[in-house]
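Working through the structure, step by step
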There are 2 protein chains.
Amino acid sequence: MIQVAVMGHGVVGSGVVEVLLSHHDSIAKRAKEEINVKYILDLRDFPGLPYSEKFTKDFEVIASDPEIRIVVEVMGGVHPAFEFVSRCLAQGKSVVTSNKELVAEKGAELLQLAEQHNANFLFEASVGGGIPIIRPMVQCLAANEVKQIAGILNGTTNFILTKMIREQMSFEDALALAQKLGYAERNPAADIEGHDTCRKICILASLAFGRHVYPRQVHTEGITGVSLADVEYADGFGCAVKLLGCTHRTDDGTVYVMTAPYLIPRESQLAGVDDVFNAIMVEGDETGDVLFYGKGAGKYPTASAVVADVIDCAKHLEARKYLSWADGGDGVVADYRKTAVRKYFRVCASSSAEAAAAAEKVFGTVTFLSRADAPAGEIAFVTSAAETEEALDQKCAELAGAGCTVASQIRLADFEASHI
Amino acid sequence: MIQVAVMGHGVVGSGVVEVLLSHHDSIAKRAKEEINVKYILDLRDFPGLPYSEKFTKDFEVIASDPEIRIVVEVMGGVHPAFEFVSRCLAQGKSVVTSNKELVAEKGAELLQLAEQHNANFLFEASVGGGIPIIRPMVQCLAANEVKQIAGILNGTTNFILTKMIREQMSFEDALALAQKLGYAERNPAADIEGHDTCRKICILASLAFGRHVYPRQVHTEGITGVSLADVEYADGFGCAVKLLGCTHRTDDGTVYVMTAPYLIPRESQLAGVDDVFNAIMVEGDETGDVLFYGKGAGKYPTASAVVADVIDCAKHLEARKYLSWADGGDGVVADYRKTAVRKYFRVCASSSAEAAAAAEKVFGTVTFLSRADAPAGEIAFVTSAAETEEALDQKCAELAGAGCTVASQIRLADFEASHI
């Protein structure tokens, strides 16, 4: 019998306890040993639950119990999760977490601590919820060098963008609907401003390229600047607008990482990923594009990913999993402003003709897009050649100097040509 | 240093050797030990290769060398692969294979042999080529009970069907193109008659439900009966025609397994899987639908999956992987004829009105489909209620009795409602 503690009894934590109970026998068979939840740590009271005797408000009870071999951390946030997880690992207890913020901020440190104490630190559920992605990347793609990763990593924003594309909802209405349906939190900033996606692409980039990438090193744009007008122009251009986390290794060995909305050609498998679904495309040098798709969040999908890690820990109490990356630091992440991209622009001026003339004067040949009922003076276009973001910013300033207002700008995903 | 033998130097075998050489350093880092190809077994001569000194024509050289810890079997076919693999496992050598025929016919036996001798028998590359599927199913979905699996598992047939859908090619022309491009073999029977798909769904069904499912127990239809007319009718009905391998557990505990073309609603992620790509949808009870997508064949994708298994073996020379299932036998596989399905029918009679009247008389309410330039006397329809295949066969006989010829019939995939 392996004794487990679950720290946090929120949505995911209660799901973990329920899955461990409801699948008790099949899990015991797979883990080759029975798994028992001995403690649940939460400061709140949960009267009336069938397992109420397991609750404790005192972390020391868990830390000081040598019977506890595996600890599940599903509290969220960096503190005190980091201190608790560090203590557990330092005592040789394996830790499983779904906490992307913790892994994105402290992953390298915690992986090293786990290694020093011959324990496991696993976090399959931190990216893509119930979609297997961390382990397949490490194990199945082990014979590949990862070339690039692009993922729709946040279900809330993807739901909002899908409603805008499919039902011509405004961003505000779609957000309100997401909140009503429980997909978005009352304070939706972490989702709609891209921070959640950023944390997840940091984890994947660290894993793929071997050095820790910190969220503060990553240029992050959310979807609050994406309007229904942009979605309609994109649609007319054969593209869907999706919030992506992207990463690839650059020629100078640094790692390019970006969180931003992109125009994605409809032929791409990513363009068809709708509603709250997530998908992660991994390009290996030998295997080509591989895509993983499923529900990226939700109580039971996420809980089942956590429990799968618990089973893996139970099977490898002694052995270490080969999951690790080195510290990050300056020089790991590429300066995104030196990277060449193509962009979509929506521009307003006193007349469409004036705006179009200014666009061609500044950018040379561009492809103009159209949408029904565009207001007078509004145009939209995509640039032809990829240019550095620095150069594009300069050209935006020139546009402004010519009396144009840049209402929005969105990068084009170019999976085929090279990197995004 | 871990010594490896590669049995078979065909497309995949030469790819395995190349990947092990070209990624030597990164593989050594991941395996925590250097991996060296000591022997390559092939009856043919390959003069001029940089590693020609590694070739042997004598299996005994490999079997009798205690230094060889891992053997890669990429010869294909059941014999002598089965005898060679059995000998290796019995000596405690781990075996990695991409040979779906071997696994589908002898998997339970070889897994048991591996277990008895504390060796590993891994076969990630046998299903989905470079797509990680076996390991994610076993590990990441370990906390789930698998409810159903549906996969586009054969790239050749998917290429042919894509050409029919997208470019209105006939089956014969699309097959000829696939052969010209090297996607189809000169004898394409294993692909187009569904045997390759059948072997792969047998492996997945065995893995998901724990008892060996043999290809001979599975009703298998290929795509030779699918005409351009059927594809056009399906298109008008909002569906794509795809060759699927499907499996689910039935209420009486038996396993339903089917290989056949299906009409798939365009909203399904599987409908958008085109060309030589494969995709496997796995529904877990907790995680919902998860989809794995990528190149299902090809030298380097398949080779990289084999090498990933070699790395896994190298990291677990002592430990056993938890991959196993029990023997099959009578009573494991459900009688597909007792299962209720909806079907598409294309029927010819002396007049369309007569055919339609007969269809409604026999099947009750049906949905009629249309296509451009349908010849006189041809109709197509889908049935409304799901009925057992037995009952549908009986009704087909009634149609024939009413002067109609059933030109083709294809099952409808109904992922949402319940099982396919």
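Up top is the structure.
Reading the values: rules and limits
- Residues take numbers from 1 onward in each chain, read along the sequence in its written order.
- Written order determines the labels here, with chains lettered from A and ligands numbered from 1.
- With the structure being a predicted model, the display of local features is reserved for residues of pLDDT at least 70 and the display and counting of side-chain atom pairs for 80 or more, all residues being used for whole-chain, interface and lining totals.
- Based on all heavy atoms of the structure, the side-chain values leave hydrogens and waters out of the count.
- The way it works is that DSSP assigns letters per residue, a run of H or I at least four long becomes a helix, a run of E at least two long becomes a strand, and they are numbered from the N terminus.
- Working definition: with a 1.4 Å probe on protein chains only, accessible area under 20% of the residue-type maximum means buried, over 50% means exposed, and in between means partly exposed.
- Contacts: residue pairs with any heavy atoms within 4.5 Å of one another.
- Take the number of residues in a helix, subtract one, and multiply by 1.5 Å to get its expected span.
- Along the arc lie the directions from the helix axis toward the C-beta atoms.
- Stacked, tilted and edge-to-face are the three classes assigned to paired rings of Phe, Tyr and Trp, where Trp is represented by its six-membered ring and a pair needs centres within 6.5 Å; plane angles under 30 degrees give stacked, over 60 edge-to-face, the rest tilted.
- Buried area counts how much accessible surface, traced with a 1.4 Å probe, disappears from two parts once they are put together, with both parts' losses summed.
- Any carboxyl oxygen of Asp or Glu within 4 Å of a side-chain nitrogen of Lys or Arg constitutes a salt bridge here.
- In the analysis that follows, any N or O atom pair within 3.5 Å is treated as a polar contact, provided that within protein one partner can donate a hydrogen and the other can accept it, and provided that, for residues neighboring in sequence, both atoms belong to side chains.

1. A few points about the overall build of chain A
- The helix and strand tally for chain A stands at 14 helices and 18 strands.
- With respect to the three principal axes, the spread of C-alpha positions in chain A is 75 × 45 × 35 Å.
- Counting over 420 residues, chain A shows a buried share of 61%.
- Taking all contacts inside chain A whose residues are at least 6 apart in sequence as the whole, residues at least 24 apart take part in 74%.

2. Re helix α14 (residues 389-401) of chain B
Residue and element names in this part refer to chain B.
- Compared with the 18 Å implied by 1.5 Å per residue over 13 residues, the 18 Å span of α14 between its first and last C-alpha is a close match.
- Every buried residue of α14 is accounted for by E389, L392, K395, C396 and L399. When α14 is viewed along its axis, its buried side chains cluster within an angular range of 115° and face the same direction.
- At the C-terminal side of α14, G403 shows a positive phi close to 85°.

3. As for unusual backbone geometry
- Residue P80(A) follows H79(A) across a cis peptide bond; omega there is 5°.
- Within the secondary structure layout, P80(A) lies in the loop between β4 (68-73) and α4 (81-90).
- Positioned with a positive phi, D373(A) is a non-glycine residue whose angle comes to about 60°.
- With respect to the helices, strands and loops of the structure, D373(A) is situated in the loop between β15 (366-369) and β16 (378-383).
- A positive phi angle is found at Q168(B), which is not glycine, with a value near 50°.
- Structurally, Q168(B) can be placed in the loop between α7 (155-167) and α8 (171-180).

4. What to know about the packing of aromatic side chains
All names here are of chain A.
- All told, the structure shown has 25 aromatic pairs over all chains when counted by the stated rule.
- Ring geometry for F59 versus F84: centroids 4.0 Å apart, planes at 0°, classification stacked. Taken together, the positions of F59 in helix α3 (residues 59-63) and F84 in helix α4 put the pair 25 residues apart, joining distant regions of the chain.
- Residue F59 is classed as buried on the basis of its relative accessible area of 6%.
- A residue is classified by how much of its surface remains accessible, and F84, at 18% relative accessible area, is buried.

5. Remarks on the interface of chain A and chain B
- Facing the 42 residues of chain A at the interface are 42 residues of chain B.
- Of all residues in chain A, the largest losses of buried area upon contact with chain B belong to Q269(A), E286(A) and Y322(A), amounting jointly to 17% of the total for that side.
- Where chain A packs against chain B, one counts 1 salt bridge.
- Among the salt bridges present, the one from E145(A) reaches R30(B), with a minimum N-O distance of 4.0 Å.
- Scanning the region where chain A abuts chain B turns up 16 residue pairs in polar contact (both at pLDDT 80 or more).

6. A closer look at the environment of M137(A)
All names here are of chain A.
- Its place among the elements puts M137 in helix α6 (residues 134-140).
- Here M137 falls in the buried class, since its relative accessible area comes to 6%.
- M137 sits 153 residues away from V290 along the chain, and the two C-alpha atoms are 10.0 Å apart.
- Residue contacts for M137: discarding those within four places in its chain leaves A142, I149, L204, L207, A208 and V282.

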